[in-house]
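Now for the letters of each chain:
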Amino acid sequence: MKITEGYMPFKEGQTYYRITGECKGDKKPLVLLHGGPGSTHNYFEVLDEVAERDDRALIMYDQIGCGNSYIEGHPEYFNAETWIEELMQLRVHLDLPEIHLMGQSWGGMQAIWYAIEYQPAGVKSYILSSTLSSAKLWEEEQHRRISYMETCYQDAFAKAEKTGNYEDNDYQKALDVFMSRHCMPTINDDSPECLTREKKSGAEAYLVGWGPNEFTPTGTLGGYEFTDRLCEIKMPCLITDGQRDLCSPFIAKTMYDRLPDAEWELFQYSRHLPFVEEREKYMDVLIRWMNKNDR
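Worth saying up front: this structure is predicted, and the values here are computed from it rather than measured.

S.K.: Outline the pattern of salt bridges, listing residues and values.
M.R.: Throughout the structure, instances matching the rule amount to 27 salt bridges. Here the salt bridges share partners, and the residues they tie into one network are Arg 18, Glu 45, Asp 48, Glu 193 and Arg 197.

S.K.: So what's going on with the nonpolar core? Residues and values would help.
M.R.: By size, the foremost hydrophobic cluster in this structure holds 68 residues, and its most contacted members are Leu 101, Ile 112, Tyr 126, Phe 157, Ile 233 and Leu 259. Broken down by element, the residue count for this core peaks at 8 residues, all from helix α3 (residues 106-118). Those residues within four positions of Ile 112 in sequence are excluded, and the remaining contacts are Leu 128, Leu 132, Ser 133, Tyr 224, Phe 226, Leu 230, Ile 233 and Met 255. Among the nonpolar cores identified, the runner-up in size contains 26 residues, and Leu 32, Leu 47, Phe 267 and Phe 275 belong to it.

S.K.: Please give an account of empty space enclosed by the protein that cites residues and values.
M.R.: This structure, assessed with the given rule, holds 1 cavity of 30 Å³ or more. Quantified by volume, the largest cavity comes out at close to 50 Å³. Gly 36, Pro 37, Ser 105, Trp 106, Met 109, Leu 132, Trp 138, Trp 210 and Glu 214 are the residues that line the largest cavity. For the lining of the largest cavity, a count of residues per class yields 6 nonpolar, 2 polar and 1 charged.

S.K.: For the state of the cysteines, give the residues involved together with the corresponding values.
M.R.: On inspection of all chains with the given rule, the structure shows 0 disulfides. Of all cysteine sulfurs, the one in Cys 183 lies closest to Cys 247, which takes part in no disulfide; the gap is 12 Å. Residue class for Cys 247 comes out buried when judged on its relative accessible area of 0%.

S.K.: Explain the side chain of Thr 240 to me, using residue names and the numbers behind them.
M.R.: Relative to the assigned elements, Thr 240 resides in strand β7 (residues 237-242). Engagement of the side chain of Thr 240 in a polar contact is seen with the side chain of Tyr 282, the distance being 2.9 Å.

S.K.: I'd like a description of the pairing of strand β3 (residues 30-33), backed by residues and values.
M.R.: Side-chain alternation along β3 places Leu 30 and Leu 32 on one buried face and Val 31 and Leu 33 on a second face that is also buried. The sheet contact formed by β3 and strand β4 (residues 58-61) spans 3 bridges and is parallel. Bridging from a neighbouring strand, Leu 30 pairs with Leu 58 of β4. Between the parallel elements β3 and β4, the chain passes through helix α1 (residues 48-54) in a crossover that is right-handed. Two elements, β3 and strand β5 (residues 99-104), share 4 bridges in a ladder whose sense is parallel. Across the sheet, residue Val 31 finds its bridge partner in β5, namely Leu 101.

Quick notes on the rules
Residues numbered from 1 in each chain as written. Predicted model: local features only at pLDDT ≥ 70, side-chain atom pairs only at ≥ 80, totals over all residues. Heavy atoms only, no water. Salt bridge = Lys/Arg side-chain N within 4 Å of Asp/Glu carboxyl O. Core = buried A, V, L, I, M, F, W, Y, C linked by side-chain atoms within 4.5 Å. Buried < 20%, exposed > 50% of the residue type's maximum accessible area, 1.4 Å probe, protein only. Helix = DSSP H or I, 4+ residues; strand = E, 2+ residues; numbered from the N terminus. Contact = heavy atoms within 4.5 Å. 1 Å grid on protein atoms, 1.4 Å probe; cavity = no way out; pocket = protein on both sides within 12 Å on 5 of 7 lines; lining within 4 Å. Points joined across faces, edges and corners; volume = space filled by probe spheres on them. Nonpolar A, V, L, I, M, F, W, Y, C, P; charged D, E, K, R; others polar. Disulfide = S-S within 2.5 Å. Polar contact = N/O pair within 3.5 Å; in protein donor to acceptor, adjacent residues only side chain to side chain. Pairing = 2+ DSSP bridges. Right-handed = clockwise from strand over helix to strand, strands pointing away.

Structure representation (structure tokens):
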């Protein structure tokens, strides 16, 4: 399978991109926006098979501030406007007039922001994977989930939020438990190489952009609120999330109820990465969706 890698000059740094496969016939490429901010493209490589099965190019990249697009000393870049500008420039750089756009977690926020505020031409459909339309609702849902945890973990979270000390050992232990329940599958030697590969995560991009953890949105994205404007997205949208996802079914339904042209696929056995934990089913759903909306 053909894989092309390259870099696009951007700001004071450069943006790394990776293209898997080629489009044939009327197939439109799929552009993927990773989460975080700062999580890198790596986990999207589990979807490489989609390119081969569906004769379609997959374009993934590391957003400025992480992975092969890492940069230091520029916290002013870590905001939605810069990351969306990067996406727009990449479409021009790679000549992508027509695409499907998939965003996971923060990437889905970016896709929603892009759709509503920029009204881009040529986006045939959006795939909103384990994402959100409201930072406030996201925060509320994570705290609801915390309220069901063991008392010792609840106390550790409450103490950290009160003191602002997110380095405390009890807090770190509680956070690990929370994230193992709702975010990442267990990574071991049997996991796909792209998940075990060493990467340079964008810790500063995450802290500046979002905040110290998933339930404290104090960064530049903290005011993200688009629920009441989802009705402005007229293109088809596919919502995907897992039963135990940080994107709870309630968050997913909140988006589904307000999008004019949407489908929703809930993955019963998944957390925040259903395309990893239920990969075969996810690829089937994704391929069906894109073929339905290529024209």
